[in-house]
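Read off the chains here:
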Amino acid sequence: MMNLKSVLPVLAMLGAVFMGACQKDNDPSPNPDPNVAPSVVSSDPSNNGTGVARNSVVNFVFSESMDPSTISESTFILKQGVTAVPGAVSYSGKTATFAPSSILAVSTAYSATITTGAKDLSGNPLAANVVKSFTTGGSSASLAVVNLGAAGNYVILAKSAITNIATSAVTGDLGLSPAATSYATGFALTNATGYATSSQVVGKIFAADMVSPTPINLTTAVNNMLTAYTDAAGRPTPDFLALGTGNIGGKTLAPGLYKWTNTVTIPSNITISGGADDVWIFQIAGNLTVSNAVNITLAGGAQAKNIFWQVAGTVALGTTSHFEGIILSNTGITFKTGASMNGRALAQTAVILDKNAITESN
């Protein structure tokens, strides 16, 4: 019979060999061969990609970790034709990133190059320059405004309720349908034939239960609101995709089509800058939230009537904030205490006011 003491060392040695083999097999990041040149395994945008957002950065992912000192503006170059695009290069993990200094041009071809000056940690260079091309989206033609139809006759239009915590100051007509007059609250209404008035409204208040032709006019307006929402949501090839990953505070927004697949927040002042005929469409798949005391400012002749905020979720404008543009909300719009707006609030559920100043854009 074998002595147990003589067996134990053998078992320990076999266990160490087995565990070492397992660790080697399961090692997610084995040391690269110091004699093998690194390579680029992927790029974003993808090679020959089209419709690329104009606010995109360019990424190259390497097969192994690189020497960061060799990843720079001299080895990572973005060009439009033969002209180099100004920008900043950074490196993290295995990814090199080129961030253009300004937004890319509309519907334009670009080429991104990583040269053989890029080396791995063993000093091995890329075997050859790597060049990837892509074309931006957008259109050189002016972005068309969203046609509001009869919905454009109202500064506030809602389907289920317009609730006002007095005292607000509204300039323009209000429309409510299919809800009845009783769902327009807080205005101290004075009834007239086919409409009502209020000392808080420079305009008229219309609801679905008023005499003809008010009901049919409101039905048309609500249908036009739904059509306008669908139009704004369906515009293709955005110029700007996921700008700020949804946080656009502090930014200056150029004309164009913007798209987010999540919620958008505005925690600090923003500027919408462009000419009097320029158009902005913001496609927001989540909510839109403006923080307290935050202002949207127009510059360069930009007009609120040409700015469209299509929001699939809720809209909340913070206390004493100021908003510019036309809101097309799939749900509701809430103006918190003292918030003001130059534009229109068009909601497929309710609009809630609280001591607000709302002025229609013309």
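## Some thoughts on the environment of A127
For A127, the position within the fold is in the loop between β8 (109-114) and β9 (130-136). Among the residues examined, A127 registers a relative accessible area of 73% and is labelled exposed.

## Comments concerning the pairing of strand β23 (residues 270-273)
Of the two faces of β23, the one holding I270 and I272 is buried and the one holding T271 and S273 is not buried anywhere. When strand β20 (residues 252-253) meets β23, the two strands line up parallel, connected through two bridges. What sits directly across from T252, in β23, is T271.

## A short note on the side chain of Q348
Relative to the assigned elements, Q348 resides in the loop between β31 (340-347) and β32 (350-354). A relative accessible area of 15% places Q348 in the buried class.

## Focus: unusual backbone geometry
A cis amide bond, omega 5 degrees, links D44 with the succeeding residue P45. When you line up the elements, P45 lands in the loop between β1 (40-44) and β2 (49-52). Of note, the bond from A166 into T167 is cis; its omega dihedral lies within 30 degrees of zero at 5 degrees. A positive phi is found at N48, a non-glycine position, where the angle reads about 65 degrees. Along the chain, N48 turns up in the loop between β1 and β2. For K355, which is not glycine, the phi torsion reads 55 degrees and is therefore positive. The exposure class assigned to K355 is partly exposed, which follows from its relative accessible area of 42%.

## Overview of the sheet that holds strand β3 (residues 58-62)
Taking strand neighbours across the sheet as the criterion, the four strands line up as β1-β3-β7-β6 in an open arrangement whose pairing is antiparallel. Either end of the sheet is taken by a strand with one partner, and the two such strands are β1 and β6 (87-92). Taken pair by pair, the neighbouring strands of this sheet meet at an average axis angle of 15 degrees, ignoring direction. Sheet topology note: the β3/strand β7 (residues 95-100) ladder contains four bridges and is antiparallel. For N59, the partnering residue across the bridge sits in β7 and is T97.

Here is what the cut-offs are and how they apply
- Residues numbered from 1 in each chain as written.
- Predicted model: local features only at pLDDT ≥ 70, side-chain atom pairs only at ≥ 80, totals over all residues.
- Heavy atoms only, no water.
- Helix = DSSP H or I, 4+ residues; strand = E, 2+ residues; numbered from the N terminus.
- Buried < 20%, exposed > 50% of the residue type's maximum accessible area, 1.4 Å probe, protein only.
- Pairing = 2+ DSSP bridges.
- Axes fitted to C-alpha atoms, helices over the stretch in contact; angles between N-to-C directions.

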